[in-house]
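Here are the chains, one letter per residue:
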Amino acid sequence: MARKALKLASWTSMALAASGIYFYSNKYLDPNDFGAVRVGRAVATTAVISYDYLTSLKSVPYGSEEYLQLRSKVHLRSARRLCELCCANRGTFIKVGQHLGALDYLLPEEYTSTLKVLHSQAPQSSMQEIRQVIREDLGKEIHDLFQSFDDTPLGTASLAQVHKAVLHDGRTVAVKVQHPKVRAQSSKDILLMEVLVLAVKQLFPEFEFMWLVDEAKKNLPLELDFLNEGRNAEKVSQMLRHFDFLKISRHLGKMYSEMIFVNGF
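What you are looking at is a predicted structure, and each value in this text was computed from that prediction instead of being measured. (Residues numbered from 1 in each chain as written. Predicted model: local features only at pLDDT ≥ 70, side-chain atom pairs only at ≥ 80, totals over all residues. Heavy atoms only, no water.)

Draft legend 1. Representation of helix 6 (residues 127-138). A rise of 1.5 Å per residue sets the reference length of helix 6, with its twelve residues, at 16 Å; its end C-alpha atoms lie 16 Å apart and thus fit the reference within 8%. Along helix 6, the positions that sit buried rather than exposed are Met127, Ile130, Val133 and Ile134. Along the long axis of helix 6, the arc covered by the buried residues comes to 120°, so they all point the same way. Exposed residues lying more than 90 degrees from the buried face of helix 6 are Gln128 and Glu136. The inward-facing, buried residues of helix 6 contact helix 7 (142-145), strand 1 (146-149), strand 3 (160-167) and strand 4 (172-178). Gly139 lies just past helix 6 and shows a positive phi near 70°. (Helix = DSSP H or I, 4+ residues; strand = E, 2+ residues; numbered from the N terminus. Expected span 1.5 Å × (residues − 1). Buried < 20%, exposed > 50% of the residue type's maximum accessible area, 1.4 Å probe, protein only. Arc of directions from axis to C-beta. Contact = heavy atoms within 4.5 Å.)

What follows is the structure in structure tokens.
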């Protein structure tokens with residue numbers, strides 16, 4: 001057990017070192033948006049969860065009723081720790097946590113039921129942050145672009161939030177604004193997750209979640225590219241232009257079926 005604990009400590013140290021070297025060599029290190037606290041929080045949570053599994057179940061016969069009950073408690077403790085990490089680190093962590101919460105067919109119920117709360121608890125950016133993002137991305141102030149702009153968002157998600165606004169020509173629009181620093185942090189977050197997943201796999205060879213990191217590497221840059229999202233929305237609009245209704249909820253299934261089974265997009 002001491003050997004495994006030492007191994008865990010060495011791997012967490014390697015995770016920090018590898019992340020630090022990578023960030024420094026690629027000029028990614030910015031204490032304002034990705035400090036030691038953020039990295040340390042993820043490493044510490046991973047270490048605590050791993051140690052809990054290593055020590056809590058070792059003295060109970062595998063497969064016994066006592067083992068199953070104890071394992072469920074460890075699952076629940078670990079899921080809560082993971083959820084707290086996602087809420088604290090925000091952005092990419094919440095996005096991945098939401099994905100994990102939807103894996104009912106793969107993860108224990110303790111994890112999915114706990115992580116599902118992330119779908120309704122995404123942190124909200126302040127109006128000061130929203131103004132700064134719009135100023136940096138569009139080079140103009142909110143009042144230059146909109147006749148009115150609601151301070152309270154219609155909805156908030158892991159990567160962005162949506163505000164109702166009115167253009168100067170009178171059109172009402174939904175404005176999707178990316179949370180500040182999400183794009184800058186995403187590549188670092190994915191690297192950190194990759195290092196930690198590899199470390200956990202050394203302790204638990206049956207832990208096969210590198211596919212989740214690979215999926216995030218592929219899809220997250222696309223989700224953060226709102227121009228790509230806009231083009232997709234325009235494409236879908238063209239695909240569905242023969243439907244003469246705008247919003248009737250019972251037709252939603254027909255619209256998704258048209259996209260998936262007819263157009264394959």
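Next comes the rest of the description.
Draft legend 2. Inspection of the environment of Cys83 at higher detail. With respect to the element layout, Cys83 can be found in helix 3 (residues 65-89). C-alpha of Cys83 to C-alpha of Leu115: the two residues are 32 residues apart in sequence and 5.9 Å apart in space. The residues contacting Cys83, other than those within four sequence positions of it, are Thr114, Leu115, Val117 and Leu118.

Draft legend 3. Main features of the environment of Ala42. For Ala42, the position within the fold is in helix 2 (residues 36-56). In this structure, the C-alpha to C-alpha distance between Ala42 and Leu192, residues 150 residues apart in sequence, is 8.2 Å. Setting aside chain neighbours within four positions, we find Ala42 in contact with Leu85, Asn89, Phe93, Leu192 and Leu196.

Draft legend 4. Main features of unusual backbone geometry. Residue Arg90 is not a glycine yet carries a positive backbone phi of 55°. You can see Arg90 is positioned in the loop between helix 3 and helix 4 (92-101). Residue Arg90 is classed as partly exposed on the basis of its relative accessible area of 32%. Phi angles above zero are rare outside glycine, and Lys181 is one such case at about 75°. Mapped onto the elements, Lys181 comes out in the loop between strand 4 and helix 8 (182-203). You can call Lys181 partly exposed: its relative accessible area is 45%.

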